[in-house]
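What the coordinates show
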Amino acid sequence: MLKRFKNYLTKPKVIILLTFLLGLALWFWFCLPKQLFNTPTSYVIDDDKGQLLGAAIASDGQWHFPYNSNVPEKFKQCIISFEDKRFEHHPGFDIIAFSRAIRQNIRAKHVISGGSTITMQVVRLATRHKRTFWNKLGEIFMALRLECTNSKNEVLALYTSNAPFGTNVIGLDAASWRYFGRSPDKLSWGEMAAMAVLPNSPSLVHPGRNRLILLNKRNQLLDKLHKQGIIDSTTASLAKLEPVPDRPMPLPQSAPHLLERFKVDHENDKHGDTRIKTSIKSGLQQQVNDILERHHSVLKANDINNIAAVVLDVETGAAIAYAGNIAHPEDPEMESDVDVVNAPRSPGSTLKPLLYASMLHDGLILPNSLIPDIPTQIAGYHPENFDLGYDGAVPASRALSRSLNVPAVKMLQQFKYERFYDFLQKAGITTLKKPADHYGLSLILGGGENTLWELTGAYADMARVLNHYNTYNGKYDTADYHNPVYTLPATRKPQLEKSGLLDAGSIYYTFQAMEEVMRPGEEMVWQQFSSTQRVAWKTGTSFGFRDGWAIGITPKYVVGVWVGNTDGEGRPNLTGINTAAPILFEIFRLLPVARDWFEMPVGEMVKIKICHQSGYRAGEYCEDVDDMWVPKNGLKAPVCPWHQLIHLDATGKWQVTGDCTSPGNMVNEKWFVLPPSMEYYYKTKNYQYHVLPPFRSDCALAEKSNPMELIYPKDGAKIYVPLEADGSRGRMICHAAHRQSGIKIFWHMDDKYVGKTTDFHQMALNPTPGKHKLTLVDGNGHNLEINFEVLAK
């Protein structure tokens, strides 16, 4: 028996038949392409609840939202009743409907019914075949094949997402928004019935045309639904009273710049479809847009045309509001299409808190260590404070809260700009494209470029680290430092380490310094903002009044605001404090108030004795001492360098030494003594500062340290003296400080006497280009000598 069967299989006719059947089976299985639909789709962004924020037309000019597997129940009932009543039961091809269509076409002597099932229509939409007999036969087989590997719901979802709905609208999602301004799940029975009849005759929807035909077809479907018991008579009657769609409606555009950013990101990394669910809260987004628009109406009077703002959730780093600019596409001069949130701009002073935290972390300073604030020239770089004044010395925390430039440069000089450059890169700043030497010390005053996106993200990282410190039992998760996102990130397990990029204690004191709301700032005004919650904040103003910045931090949110012109034009009064800060606090008033402020990370701190006057670790001669919690690395901070033991005579008015007074007649005092140049400015701002008494005349030459110091120029300085209007070379103003009031200083240049000063030690000199020597001699015989060079060009 088996042998006869084998012989039968070897017959040529049988082989040909089996080969044909095998080929037919293979064709049947592979007749569908791997990806059924390859047409371009619109870029679509939804808010955190899945509601539409904005959409852009597809590259082929169609409004076509990506595939959506969720088909509303109303549409399912309507489309099955209208197109394919046995859809749930046939295998993709309905022989009854097909036979009826053939009979109707023969009687009418032309095609009036196609007999296609929904599944066959999906195939026709995908293949775009012309309507011929052979193509229809192919559609039948491909429909059967489609249902072999797809459920009825999946087939219906393919149809719903790709059916034409008139004009340039493809798919139910896009049609619902274009014709009714709502998502499909919010459509009524009347509206959904109108949607269901459109794919059969999409040309019915043209503004002002064929309204009656569409109305009749919709009402016929409603009657059919009533007869089938899907809706009751009252629902059917009320649904017939609803108008049919008229002119297409504009889609929401609450976050147009985020939509454009998503398009660019997707084109650079093509994974996933062109629709995403963002982390944006649409209500907050609209409120932020309104605030920006309101302030723009005022600022544009000063030709300040652009504003951007972003709100981040600290825990996730996700944006909950993203306003890349104002929205005035009708006015091209506004350049409102530019997304400033992601545009590199000069950050002004907004990097100063990061430097302060870095120096605390390394133990180079303590929170209130005195930092020099005096005229400074470093390799030709001459930073100045915004108000052009000097304090002599200022606590580091106050220098930060007042945003003083000179102390910041002094701190960066100590920290080294190369290290700060590396730190910024580790903190997620990617916009510093050139080597550290290109920026130098100007990096701390806005000499580089940063984006509002990355800068706001860096502060969110710091807040996240501080929030997690106690949660992670004093350990650090390296993943807490990451760039912001605009989609909700997946939860992950923390990878804990003993140390982090910044310790929690340093971050805590940085936010404490930034919390000072009422302060004299770099912008030279006093400004007070009332807020219902505690906010650590920082403003910044770029050189030339081109950019105004404000960044605020709470334990739950970080808000960043930028104000300026996208073309880089500077404007008077375009400062962070005057333009960006009011917007910042108005946005914060929209946010829920945090119950608690950042908790002090005591486990990352030690309590040590601090010199009250200098802010450094207390030395043996510091009498006014405070017990203070500081970051652990504060144990490495320098001991107070400015307290010393001095010897006075019995009157207490003169300093003396053992050469002129016996030890028994000396009075030993602990004294806070700043260098002459710092003292010169410091004593005018601090009435409690006592100048060191001079040496008695018979002990005058015993002073070890020089009581005299040149403020300008410094030793080794290279100076350019500009020409006057008449072409002659101008003069350079030299400035010296002396600890003893009323003393004379005799000035010599290149060993030639040029004049003397008393009390106010400034001297105008007119040196020729080249190298020079400047020598100062005071009335007590102390001398000071420096070398400088005047540049010809």
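Residues numbered from 1 in each chain as written. Predicted model: local features only at pLDDT ≥ 70, side-chain atom pairs only at ≥ 80, totals over all residues. Heavy atoms only, no water.

1. Some words on the sheet that holds strand β23 (residues 732-738)
Note on sheets: strands pair through backbone hydrogen bonds, and any given pair is parallel or antiparallel. Quick note on the threshold: Two strands pair under a simple rule: DSSP has to find at least two bridges between them. Secondary structure elements follow DSSP: runs of H or I no shorter than four residues count as helices, runs of E no shorter than two count as strands, and numbering proceeds from the N terminus. The convention used is that axes are lines fitted to C-alpha atoms, helices contributing only their stretch in contact, and that angles between N-to-C directions extend from 0 to 180 degrees. Throughout, a residue-residue contact means that at least one pair of heavy atoms, one from each residue, lies within 4.5 Å.
Ordered by their spatial adjacency, three strands build an open sheet running β21-β23-β26, and the pairing between neighbours is antiparallel. The outermost strands of the open sheet, each flanked by one partner alone, are β21 (708-712) and β26 (762-765). Put simply, the sheet's adjacent strands are angled 25° from each other on average, direction ignored. Running at roughly 75° to β21, helix α22 (residues 676-685) makes contact with β21 and β23 of the sheet.

2. A short note on the environment of histidine 482
Where we set the bar: N or O atoms closer than or at 3.5 Å make up a polar contact, with two conditions inside protein: a donor-capable atom paired with an acceptor-capable one, and, for residues adjacent in sequence, both atoms drawn from side chains.
Following the sequence through the fold, histidine 482 ends up in the loop between β10 (476-477) and β11 (496-497). With 166 residues separating them along the chain, histidine 482 and threonine 316 place their C-alpha atoms 9.7 Å apart. Excluding residues that lie within four positions of it along the chain, histidine 482 makes contacts with Thr316, Gly317, Asp461 and Arg464. Within polar-contact distance, the side chain of histidine 482 engages the side chain of arginine 464 at 3.5 Å.

3. Description of helix α7 (residues 152-162)
Put simply, the test is: Under the scheme applied here, a residue whose accessible area is under 20% of the maximum for its type counts as buried, over 50% as exposed, and between as partly exposed, the area being computed with a 1.4 Å probe on protein chains only.
The buried fraction of α7 amounts to nine of the eleven residues, a majority that puts the element mostly inside the structure. Turning to α7, its buried residues number three or more, namely Lys152, Val155, Leu156, Ala157, Leu158, Tyr159, Thr160, Ser161 and Asn162.

4. A short note on helix α3 (residues 73-83)
Of the residues making up α3, those classed as buried are Phe75, Lys76, Cys78, Ile79, Ile80, Ser81 and Glu83. In the core, the buried residues of α3 are packed alongside α5 (118-127), α7, α8 (172-180), α9 (189-197) and α10 (211-227).

5. Details of the nonpolar core
Heads up, the condition is: Put simply, a nonpolar core is a bunch of buried Ala, Val, Leu, Ile, Met, Phe, Trp, Tyr and Cys residues held in one set by side-chain atoms that sit within 4.5 Å of each other.
If you look at the biggest cluster of nonpolar residues, it comprises 85 residues, and the most contacted ones within it are Phe420, Leu424, Ile444, Tyr459, Phe511 and Ile553. Of the residues forming this core, the biggest block, ten residues, is contributed by helix α19 (residues 452-471). Beyond its immediate chain neighbours, meaning those up to four positions away, isoleucine 553 contacts Tyr459, Ala463, Phe511, Met514, Arg534, Val535, Ala536, Val558, Phe588, Trp597 and Phe598. Residues Ile140, Ala196, Leu198 and Leu214 belong to the second largest nonpolar core, which totals 53 residues.

6. Re the packing of helix α13 (residues 282-299) against helix α21 (residues 576-588)
Just so we agree on the cut-off: When an angle is under 35 degrees it counts as roughly parallel; over 145 it counts as roughly antiparallel; between 65 and 115 it counts as roughly perpendicular; any other value is oblique. Crossing handedness is read from the near helix: turned anticlockwise from the far helix by less than a right angle, it gives a left-handed crossing, and turned clockwise, a right-handed one.
Contact geometry of α13 with α21 gives a least axis separation of 10 Å together with a crossing angle of 155°. By the angle between their axes, α13 is roughly antiparallel relative to α21. In terms of crossing hand, the pair formed by α13 and α21 is right-handed. Along its contact with α13, which presents Val288, Ile291, Leu292, Arg294, His295 and Leu299, the element α21 presents Thr579, Pro582, Ile583, Glu586 and Ile587.

7. Some words on the packing of aromatic side chains
Using the following cut-off: Whether two aromatic rings pair depends on their centres lying within 6.5 Å, for rings of Phe, Tyr and Trp, where Trp uses its six-membered ring; planes under 30 degrees apart make the pair stacked, over 60 edge-to-face, and the rest tilted.
Under the counting rule described, the total for this entry stands at 18 aromatic pairs. A centroid spacing of 6.0 Å and a plane angle of 75° characterise the contact between tyrosine 616 and tryptophan 642, whose relative ring orientation is edge-to-face. Here the residue tyrosine 616 occupies a position in the loop between β17 (605-611) and β18 (625-631), and tryptophan 642 occupies one in the loop between β18 and β19 (643-648), the gap between them amounting to 26 residues. Pair check on accessibility: tyrosine 616 and tryptophan 642 agree, each one buried. Ring plane angle 90° and centroid distance 4.9 Å describe the contact between tyrosine 680 and tyrosine 681, whose orientation is recorded as edge-to-face. Each member of the pair, tyrosine 680 as well as tyrosine 681, carries the same accessibility label: buried.

8. With respect to the packing of α5 against α7
Selection criterion: Ten residue types, Ala, Val, Leu, Ile, Met, Phe, Trp, Tyr, Cys and Pro, are classed as nonpolar, four, Asp, Glu, Lys and Arg, as charged, and the remainder, Gly among them, as polar.
Two elements in contact, α5 and α7, have axes separated by 9 Å at closest approach and are oriented at 50°. Taken together, α5 and α7 sit at an angle that is classed as oblique. Note that α5 runs across α7; the crossing there is left-handed. Contacts between α5 and α7 involve Ile118, Thr119, Gln121, Val122 and Leu125 from the first element and Val155, Leu156, Leu158, Tyr159 and Asn162 from the second. Of the residues contributing to the contact of α5 with α7, the split by class is seven nonpolar, three polar and no charged.

9. Let's talk about a positive patch on the surface
Just so we agree on the cut-off: Exposure above 30% relative accessible area and the absence of a salt bridge qualify a residue for a patch, where like charges join within 9 Å and nonpolar side chains (Val, Leu, Ile, Met, Phe, Trp, Tyr) within 5 Å. Per-residue and other accessible areas were derived by the Shrake-Rupley procedure at a 1.4 Å probe size, with only the shown protein chains allowed to occlude residues. By definition here, a salt bridge exists when the distance from a side-chain nitrogen of Lys or Arg to a carboxyl oxygen of Asp or Glu is within 4 Å. His is not counted here, nor are the chain ends, while Lys and Arg score as positive and Asp and Glu score as negative. By convention, charge coordinates are those of NZ in Lys, CZ in Arg, CG in Asp, or CD in Glu.
A cluster of basic side chains, namely Lys85, Arg100, Arg103 and Lys224, defines a positive patch on the protein surface. As for its position among the elements, arginine 100 is in helix α4 (residues 95-108). The exposure class of arginine 100 is partly exposed, given its relative accessible area of 33%.

10. Some details on the pairing of strand β1 (residues 43-46)
Side chains Tyr43 and Ile45 of β1 all project onto a buried face; the interleaved residues Val44 and Asp46 project onto the opposite face, where all are buried too. Remark: five residues form the turn of the hairpin made by β1 and strand β2 (residues 52-56), two consecutive strands paired antiparallel; glycine 50 in that turn has positive phi of roughly 90°. Strand direction decides the pairing type here: β1 and strand β5 (residues 275-277), joined by three bridges, are parallel. Counted as the bridge partner of valine 44 is arginine 275 from β5.

11. What about the sheet that holds strand β22 (residues 717-720)?
Read from one edge to the other, the open sheet built from five strands follows the order β22-β28-β27-β24-β25, with strand pairing classed as mixed. The strands lining the two open edges of the sheet, one partner per strand, are β22 and β25 (752-758). Across the sheet, the mean angle from the axis of one strand to that of its neighbour is 30°, orientation sign disregarded. Note that strand β27 (residues 770-778) and strand β28 (residues 783-791) share eight bridges and pair antiparallel. Following the sheet pairing, histidine 772 is matched in β28 by phenylalanine 788.

12. A few points about the environment of leucine 299
Summarising the element assignment, leucine 299 is placed in helix α13. With a relative accessible area of 13%, leucine 299 lands in the buried category. The sequence separation of leucine 299 and leucine 574 amounts to 275 residues, and the corresponding C-alpha distance is 9.2 Å. Not counting residues within four places of it along the chain, the set of residues in contact with leucine 299 comprises Ile304, Ile307, Val563 and Thr579.

13. Some words on the side chain of serine 161
Relative to the assigned elements, serine 161 resides in helix α7. A distance of 3.0 Å separates a polar atom in the side chain of serine 161 from the backbone nitrogen of asparagine 68. Setting aside residues no more than four positions away along its own chain, serine 161 makes contact with His64, Phe65, Pro66, Tyr67, Asn68, Ile170 and Gly171.

14. What to know about the confidence of the model for the protein
Our working rule: A score between 0 and 100, pLDDT records how confident the predictor is in each residue.
Confidence in the prediction of the protein, expressed as mean pLDDT, is 87, and 89% of residues score 70 or more. Segment residues 517-527 is flagged for pLDDT under 50; beyond a separation of four residues in sequence, or across chains, it makes 40 contacts in the model.

15. Section: a negative patch on the surface
Taken together, the side chains of Glu623, Asp624, Asp626 and Glu669 make up a negatively charged region of the molecular surface. Within the secondary structure layout, glutamate 669 lies in strand β20 (residues 667-672).

16. Remarks on the pattern of salt bridges
For the coordinates displayed, the defined rule picks out 24 salt bridges. A salt bridge links aspartate 627 to lysine 609, with the nearest nitrogen and oxygen atoms 3.0 Å apart. Of this pair, aspartate 627 sits in strand β18 while lysine 609 sits in strand β17, and the two are 18 residues apart along the sequence. Looking at aspartate 627, the relative accessible area reads 51%, which means it is exposed. The partner of lysine 714 in a salt bridge is glutamate 709, with the nearest N and O atoms 3.5 Å apart. A relative accessible area of 24% places lysine 714 in the partly exposed class. Residues joined by salt bridges that share partners form a network here, namely Asp46, Asp173 and Arg275.

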